[in-house]
Amino acid sequence: MQTIDQEDFLKIDLRLGTIIQAEIFEKARKPAYKIWIDFGADLGVKKSSAQVTSFYTPESLLGKQVICVVNFKPRQIADFMSEVLVTGFSAESGGIVLATSDQLAPNGAKLH
C-alpha cells in the first residue's frame, strides 16, 4: 500500500451533499444513474454519474446525504458532464454501497 502525508490528504476536498434528483443514465456503458447533489450555498448543485444501481433505485437516492470528492476535474460521460465523484465501498456481491453520514450535517460540510 502506498502511503501519503497530511498535505496529500488535504488536497482532496471531500464534502457532504444531499441528492435532490436521480434518474437512469440510459447512455452510460455500464448501469448508472445521473445524480444531482446539493452542496449548499458555497458550492451549489453539482452533477455526477454514479454506478450504484445494484443497491439503489433513483427514488431511494432522493434525500440521501453522500460524501463526494468535489475538486476532481469534470469528466464527460456520454452526453453528461460529471462534476463530482460520489464515494462508496465495494460490497461482497460486487455492487457499490454509498459512503454516507450517520447523522445529518449541513450540505457542503467538509470531511476532516
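These figures come from a predicted structure and were not determined experimentally. (Residues numbered from 1 in each chain as written. Predicted model: local features only at pLDDT ≥ 70, side-chain atom pairs only at ≥ 80, totals over all residues. Heavy atoms only, no water.)

Participant: Summarise the nonpolar core; cite the residues concerned and give the values.
Facilitator: Nonpolar side chains in soluble globular proteins tend to be buried together. Within the largest apolar cluster, 16 residues are counted, with the highest numbers of intra-cluster contacts made by Ile 35, Ile 37, Leu 61 and Cys 68. Secondary structure elements with two or more residues in this core: β1 (14–24), β2 (33–38) and β4 (65–69). If you tally residues by element for this core, the top one is β2, at three residues. Beyond its immediate stretch of four places on either side in the chain, Cys 68 contacts Asp 13, Leu 14, Arg 15, Ile 37, Phe 39, Val 84, Leu 85, Val 86 and Thr 87. (Core = buried A, V, L, I, M, F, W, Y, C linked by side-chain atoms within 4.5 Å. Buried < 20%, exposed > 50% of the residue type's maximum accessible area, 1.4 Å probe, protein only. Helix = DSSP H or I, 4+ residues; strand = E, 2+ residues; numbered from the N terminus. Contact = heavy atoms within 4.5 Å.)

Participant: How would you explain the pattern of salt bridges if you had to name every residue and give the values?
Facilitator: On inspection of all chains with the given rule, the structure shows four salt bridges. Arg 15 is the partner of Asp 13 in a salt bridge, and the nearest nitrogen-oxygen pair spans 2.6 Å. As far as the burial class goes, Asp 13 and Arg 15 line up, both buried. A salt bridge links Lys 27 to Asp 79; the nearest nitrogen and oxygen atoms lie 3.3 Å apart. On the criterion of sequence distance, the pair formed by Lys 27 in the loop between β1 and β2 and Asp 79 in the loop between β5 (75–77) and β6 (80–82) is long-range, its members being 52 residues apart. Among the residues examined, Lys 27 registers a relative accessible area of 57% and is labelled exposed. When salt bridges with common partners are traced through the structure, they connect Asp 13, Arg 15 and Lys 110 into a single cluster. (Salt bridge = Lys/Arg side-chain N within 4 Å of Asp/Glu carboxyl O.)

Participant: Explain the UniProt feature "domain: TRNA-binding" (unreviewed entry) in the chain residue by residue, including any values.
Facilitator: Annotation from UniProt places "domain: TRNA-binding" (unreviewed entry) at residues 8–112. Its end C-alpha atoms 13 Å apart, residues 8–112 is made of 10% helix and 40% strand. (UniProt positions renumbered as here; feature names shortened; annotations may be inferred.)

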